[in-house]
Amino acid sequence: MAVSGAGFVLFLLFHGAMNFVSILSPEGYDAICNFLGANWYAVVGSMGLAVLMGIHVLCGIILTAENLLARGRVRYKRQERPKGVEWSSQNMLAFGLFILFGIVMHLYDFWYRMQFAELMGNEPVNGIEQIRFIFSHNYFSVMYLIWLVVLWFHLSHGVWSMLQSLGWNSEGWKHRWQVIGYMVATVIILLFVCVVIYYWLIYPRM
């Protein structure tokens with residue numbers, strides 16, 4: 001769970017930085033899209049991400065099932081959150097399922113119309129034009145922003161929990177890892193949010 005999560009954190013940092021380039025230089029963003037495209041290394045990377053996704057989702061379901069089975073038929077009468085337990089940590093599976101829905105939406109909006117179309121021998125859509133088209137619609141923009149907020153909660157807990165699972169779990173560093181987790185999650189999400197806000201509210205008025 002931790003290793004597959006680490007892979008996604010690194011990918012999101014790259015993907016968020018790549019998308020942010022679309023604000024600074026549309027031509028630069030198109031150059032990156034053309035460099036990736038349906039080239040073998042990009043296809044291998046996509047397949048690797050699909051495998052990571054399957055592992056991460058499967059592990060999440062297994063861990064949730066194990067936690068439920070460990071309690072047996074006895075359930076807590078009190079519903080207050082235990083001391084020291086984050087709200088996000090209690091809702092990781094629900095967040096994950098919602099994020100999975102957002103990933104499917106994102107794949108259809110971009111990957112399906114770009115890399116997959118090229119693999120099928122069809123003309124892929126232009127990357128920057130697709131971004132402008134998607135975020136010119138209010139409902140798409142709002143849906144993406146809600147998805148990104150949920151992703152922030154998932155990442156903010158997931159990053160420090162990942163580090164703890166990998167063995168860096170000393171009591172003295174626990175709070176530091178939590179802060180680092182919040183910072184990493186915030187940087188990643190802001191990269192994506194900036195793109196949505198820019199092409200939804202700023203670009204049309206320029």
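Structure's up top.
This section reports on the structure supplied with the text. All values derive from a computational prediction rather than experimental measurement. (Residues numbered from 1 in each chain as written. Predicted model: local features only at pLDDT ≥ 70, side-chain atom pairs only at ≥ 80, totals over all residues. Heavy atoms only, no water.)

Notes on the side chain of His154
Applicable threshold: Comment: elements are numbered from the N terminus, with helices defined as DSSP H or I runs of at least four residues and strands as E runs of at least two. By definition in these notes, contact holds between two residues if any of their heavy atoms fall within 4.5 Å.
Along the chain, His154 turns up in helix α7 (residues 138–165). Excluding anything up to four places from it in sequence, His154 contacts His56, Met92, Phe95, Gly96 and Ile99.

Describing the nonpolar core
Our working rule: Working definition of a nonpolar core: buried Ala, Val, Leu, Ile, Met, Phe, Trp, Tyr and Cys residues. They are joined through side-chain atoms within 4.5 Å. Each residue gets one of three labels from its accessible area relative to the maximum for its type: buried under 20%, exposed over 50%, partly exposed in between, using a 1.4 Å probe on protein chains only.
By size, the foremost hydrophobic cluster in this structure holds 37 residues, and its most contacted members are Ile131, Phe135, Tyr144, Leu148, Leu155, Ile188 and Tyr199. Broken down by secondary-structure element, the contributors of at least two residues to this core are α1 (2–24), α2 (26–36), α4 (92–111), α6 (127–134), α7 and α8 (171–202). Sort the elements by how many residues they give to this core and α7 lands first, with 12 residues.

A few points about the pattern of salt bridges
Pairing is possible between side chains of opposite charge, provided their charged atoms come close. Definition in use: Any carboxyl oxygen of Asp or Glu within 4 Å of a side-chain nitrogen of Lys or Arg constitutes a salt bridge here.
Under the criterion given, the structure shown has one salt bridge. For the salt bridge of Glu129 with Arg132, the shortest nitrogen-to-oxygen distance reads 3.0 Å. With Glu129 and Arg132 both in helix α6 and three residues apart, this pair spans about one turn of that helix. Judged by its relative accessible area of 19%, Arg132 falls in the buried class.

Some thoughts on α2
Side chains of residues three or four places apart in an α-helix project in the same direction, reflecting 3.6 residues per turn. Here is the rule: It is the directions from the helix axis to the C-beta atoms whose arc is reported.
Within the sequence span of α2, burial applies to Tyr29, Asp30 and Cys33. The buried side chains of α2 occupy one side of the element, clustering within an arc of 100 degrees when seen end-on. Counted as exposed and oriented over 90 degrees from the buried face of α2: Glu27, Asn34 and Phe35. Against the buried residues of α2 lie α1 and α6. Of the residues trailing α2, Gly37 is marked for its positive phi of about 50 degrees.

Details of the environment of Phe133
Along the chain, Phe133 falls in helix α6. Taking the C-alpha atoms as reference points, Phe133 and Trp200, 67 residues apart in sequence, are found 9.3 Å from one another.

Observations concerning a nonpolar patch on the surface
The test is simple: Exposure above 30% relative accessible area and the lack of any salt bridge qualify a residue for a patch; like charges then connect within 9 Å, and the nonpolar side chains Val, Leu, Ile, Met, Phe, Trp and Tyr within 5 Å. Accessible surface area values rest on a Shrake-Rupley calculation with a 1.4 Å probe, where residue burial reflects the displayed protein chains alone.
Residues Phe98, Phe101, Tyr139, Val142, Met143 and Ile146 make up a contiguous nonpolar surface patch of roughly 540 Å² in combined accessible area. When contributions to the nonpolar patch are tallied by element, the ones reaching two or more residues are α4 and α7. Counting residues per element, the nonpolar patch draws most heavily on α7, which supplies four residues. Positionally, Ile146 belongs in helix α7. Take Ile146: its relative accessible area is 44%, and that puts it in the partly exposed class.

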